[in-house]
Amino acid sequence: MFYDILFLFALIASVSMCLYRIGMGPTPPDRGVAIDILGTVMVGFCVLSALKTGNDFYLDVALAWTLISFIGGISLAKFLEGRRYDD
Amino acid sequence: MVLGCLGLVRLPDVYNRLQAATKCVTLGVCSMLIGVIIQKGFSPMSGKALLCIVFILITSPTSAHALARGAYKSKVKLCNGTVCDYYKLDPNQENCNCDEPSA
């Protein structure tokens, strides 16, 4: 029980630092990096809730979240690179 | 994972932040999923966790690499303590001189 609370506070600290970097980032690539990291940290939240409740479908959510975050990161990188989405 | 996000806040440059955060957060989430596999044994839940580990290990370095390349192409300045900029040098050049400070 104690370790659950510890992991929960660690995840909350990580998410708050990512949100700080998204809000205060001086350049657009900073915000892109922070969004990418936030997607991976949310997978950690899904894993923790799957372990606490014992439901399978939180891991399905984590799987889908990984792939969606990957697509988001790639499209942000192409946008930063100055190209359009169709090449 | 917390230390990786602390690096995301504290480090001075986009590239340093990417370097610190991506590795630590990927390793942290993968170790949580390995914990799921150990705790649940041979079950559908551990199979999903294994698939999730595979996807994270494929997608996270790929998107980090693409983001670093996009950040370089959009001409973000490197921080003042940067020693060498290998990406700017000619790739055919054998002995690149890294003593001079990068622009």
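In this numbering scheme, every chain counts its residues from 1 along its sequence in written order. Written order decides the labels, with chains lettered from A and ligands numbered from 1. pLDDT decides what is reported in this predicted model: residues at 70 or higher carry local features, side-chain atom pairs at 80 or more are listed and counted, and totals for whole chains, interfaces and linings draw on all residues regardless.

Visitor: So what exactly am I meant to see when it comes to the overall build of chain B here?
Guide: Only DSSP runs of H or I reaching four residues or more are called helices, and only runs of E reaching two or more are called strands; each is numbered from the N terminus. Across its full length, chain B carries three helices and zero strands. Going from N to C terminus, chain B has its helices and strands arranged as α-α-α. Every C-beta atom is placed from the backbone, and the number of other C-beta atoms within 10 Å of a residue's own sets its class: buried at 20 or more, exposed at 12 or fewer, partly exposed in between. Looking at chain B as a whole, 34% of its 103 residues are labelled buried. Distance between backbone-placed C-beta atoms decides contact: two residues are in contact if it is within 7 Å. The long-range share in chain B, meaning contacts at least 24 apart out of those at least 6 apart in sequence, stands at 35%.

Visitor: Explanation requested: the nonpolar core in the structure shown.
Guide: Note on soluble globular proteins: their nonpolar side chains tend to be buried together. Note on definitions: a nonpolar core is a set of buried residues drawn from Ala, Val, Leu, Ile, Met, Phe, Trp, Tyr and Cys, linked by C-beta atoms within 7 Å. In this structure, I37, C46, V47 and L59 of chain A together with L33 and L67 of chain B are the most contacted members of the largest nonpolar core, which totals 41 residues. Where this core is concerned, the elements lending two or more residues are helix 1 (2–24), helix 2 (28–53) and helix 3 (57–80) of chain A together with helix 2 (14–40) and helix 3 (44–73) of chain B. Ranked by residues supplied to this core, first place goes to helix 2 of chain A with twelve residues.

Visitor: Help me understand the confidence of the model for chain B in this model?
Guide: Predicted coordinates in areas of low pLDDT are best not read in detail. Residue and element names in this part refer to chain B. Scored from 0 to 100, pLDDT reflects the predictor's confidence in each residue. In the predicted model, chain B carries a mean pLDDT of 72, and 56% of its residues have values of at least 70. Helix 1 (residues 2–10) is the least confidently modelled element of chain B, averaging 59 in pLDDT, while helix 3 averages 85, the highest of any element. Within the model, pLDDT remains below 50 along residues 92–96, and this stretch shows one contact once partners closer than five positions in the same chain are excluded. Taken together, the chains of this predicted complex give a pTM of 0.74 and an interface ipTM of 0.80.

Visitor: Hey, could you run me through helix 3 of chain A in this one?
Guide: Spacing of three or four residues puts side chains on the same side of an α-helix, whose turn is 3.6 residues. For helix 3 of chain A, built from 24 residues, the straight-helix expectation of 34 Å at 1.5 Å per residue is met to within 8% by its first-to-last C-alpha distance of 34 Å. Taken together, the buried positions of helix 3 of chain A are Y58, L59, A62, T66, S69, F70, G73, L76, A77 and L80 of chain A. Buried residues along helix 3 of chain A sit against helix 2 of chain A together with helix 3 of chain B. Positive backbone phi, at 90°, marks G82 of chain A, one or two positions downstream of helix 3 of chain A. Under the convention used throughout, the expected extent of a helix is 1.5 Å for every residue step, that is, one less than its residue count.

Visitor: For this particular structure, what's the right way to read the environment of G73 of chain A?
Guide: By the secondary structure assignment, G73 of chain A is in helix 3. Counting along the chain gives 37 residues from G73 of chain A to D36 of chain A, while the straight-line C-alpha distance between them is 5.9 Å. The contacts of G73 of chain A, once residues within four sequence positions are left out, are D36 of chain A together with S63, A66 and L67 of chain B.

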